[in-house]
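Structural overview for review
Residue strings, one per chain:
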Amino acid sequence: MQNVRVDNLLKRFGDVTAVAGVSFDVPKGELLTLLGPSGCGKTTTLNMIAGFEDPDGGDVYVGDRLISSSLEKVLLPPHERNLGMVFQSYGLWPHLKVSENVAFGLQMRKENKNQISAAVEKALDLVRLTGLGDRYPSQLSGGQQQRVAFARALVYEPDVLLLDEPLSNLDAALREEMRLELKDLQTKTGITTIFVTHDQVEAMVMSDTIIVMNNGHIEQMGPPHEVYQNPANQFVAGFVGISNLLSAEVLGVARSDGLTPMKLGGATIFCDAVGAKKGQKVTLSVRPEDLVMISQKPKKNDPNILQCTIEKSVYMGGMLELWADAYGQQIRIHGHRLPPFSEDETVFMKIDPVSVKVIN
Ligand SMILES: Nc1ncnc2c1ncn2[C@@H]1O[C@H](COP(=O)(O)OP(=O)(O)OP(=O)(O)O)[C@@H](O)[C@H]1O
Ligand SMILES: [Mg+2]
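Keep in mind the model is a prediction, meaning the values are calculated, not measured.

1. Remarks on unusual backbone geometry
Positive phi, normally seen in glycine, also occurs at E165, with a value near 45°. Among the structural elements, E165 can be located in the loop between β8 (160-164) and α5 (172-189). Positive phi outside glycine occurs at N215, with the angle close to 50°. Mapped onto the secondary structure, N215 falls in the loop between β10 (209-214) and β11 (217-222).

2. Considerations on the packing of helix α2 (residues 98-108) against helix α3 (residues 113-126)
Two elements in contact, α2 and α3, have axes whose closest approach is 9 Å; the angle formed by their N-to-C orientations is 125°. Relative to α3, the element α2 lies oblique. The chirality of how α2 crosses α3 is right-handed. Facing α2, whose interface residues are V98, S99, V102, A103, L106 and Q107, α3 presents I116, A119, V120, A123 and L124. For the contact of α2 with α3, the residue count by class is nine nonpolar, two polar and no charged.

3. A word on the pairing of strand β14 (residues 267-272)
The pairing of strand β13 (residues 259-264) with β14 spans six bridges and is antiparallel. Residue pairing across strands places P261 opposite F270, the latter belonging to β14. Where β13 folds back onto β14 in an antiparallel hairpin, the turn is made up of two residues, including G265, whose phi is positive at roughly 60°.

4. Section: the packing of aromatic side chains
All told, the structure shown has three aromatic pairs when counted by the stated rule. Consider the rings of F235 and F239, whose centres lie 5.8 Å apart with planes at 5°: the pair is stacked. One end of the pair is F235 and the other is F239, both in helix α8 (residues 234-239) and four residues apart, which spans about a single turn. Accessibility expressed as a relative area gives 24% for F235, which makes it partly exposed. The ring of F270 has R255 lying over it, and the distance from NZ or CZ to the ring centre is 3.8 Å. Above the plane of the ring of Y228 lies R287, whose end atom (NZ or CZ) is 3.9 Å from the centre.

The rules behind each value
- Residues numbered from 1 in each chain as written.
- Chains lettered and ligands numbered in written order.
- Predicted model: local features only at pLDDT ≥ 70, side-chain atom pairs only at ≥ 80, totals over all residues.
- Heavy atoms only, no water.
- Helix = DSSP H or I, 4+ residues; strand = E, 2+ residues; numbered from the N terminus.
- Axes fitted to C-alpha atoms, helices over the stretch in contact; angles between N-to-C directions.
- Parallel < 35°, antiparallel > 145°, perpendicular 65-115°, else oblique.
- Left-handed = near helix turned anticlockwise from the far one by under 90°.
- Contact = heavy atoms within 4.5 Å.
- Nonpolar A, V, L, I, M, F, W, Y, C, P; charged D, E, K, R; others polar.
- Pairing = 2+ DSSP bridges.
- Phe/Tyr/Trp six-rings, centres within 6.5 Å; stacked < 30°, edge-to-face > 60°.
- Buried < 20%, exposed > 50% of the residue type's maximum accessible area, 1.4 Å probe, protein only.
- Lys NZ or Arg CZ within 6 Å of the ring centre and 35° of its normal.

Written out as structure tokens, the structure is:
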């Protein structure tokens, strides 16, 4: 069952179309991520769901409740939507204690004192800040402050949690830790969540579904492995992880095993290419980690092997990154157990047909 439905949401700022008719459903209890480069419309989408920005078109439902509709002239104010929100800047009040920061929303709703303190304690336990309610925000670390912001959003048991880059103020190590913690928290509470980030690793780790946005529209929507392994187009292939985008030409019809031969410089690459026509120019996407070095020189007609000339070899601790030339096209290769290479060295790289994607 869907818990949030966004239907054809539209927002213009003057000449800029910030969100160009975006639609998606978030099933109950799932975490959906809006992923995309700066300015692609992530925050604007989230703000329209939260009620901080008036849409120029489209509807938003939470459960069966229509909370925003341009056509039906429905526009509930933020506090009537029962959504919890956490931003990049924690927005804690420095003059209020942690417990008072967390209690603030409930006090505004005029709930009774005992209920409020029980709810605050429960929320602080949930984010592992038990016993720190009497401190002031300035007496907490960055990660702890961010947890207060989560507690404040969770305390009134919202129907949906909206998170706009909540981890991007944290340093790299803490960010990695909080990512897992936040995912645990989300799973444990079962709260439907929409998460905004431009960090693709964060999106991979946290999400049930990723929406890749660009210029106000959706480029692809799917579970993390699908977005990574089957990028819908060049934009997604380039934005989510690193991809080699290689020009090739269809050599003929598919073999009995369904694989179609492609000419890539001096190599023949077999891959899945439904509907490809002989002579058609195509772009192949290959991930750097899917190129595997073979030690012997291949026979002349061995398919799926690229002859590469090393241009640059970069040692990155757990991984070696190679930049190489393959028939006039530059490719990147990642390997864990590769020996060091010298410039102009020739290597042979094998690609499994399942690792080659034909994309638009
Ligand atoms: N209040 C505003 N007035 C005018 N233009 C705006 C306003 N808010 C956003 N925009 C424009 O709308 C587009 C989308 O902005 P938005 O903030 O949604 O991007 P974003 O994906 O959240 O980016 P970032 O990753 O940098 O936070 C941008 O081109 C931005 O300049
Ligand atoms: Mg933003």
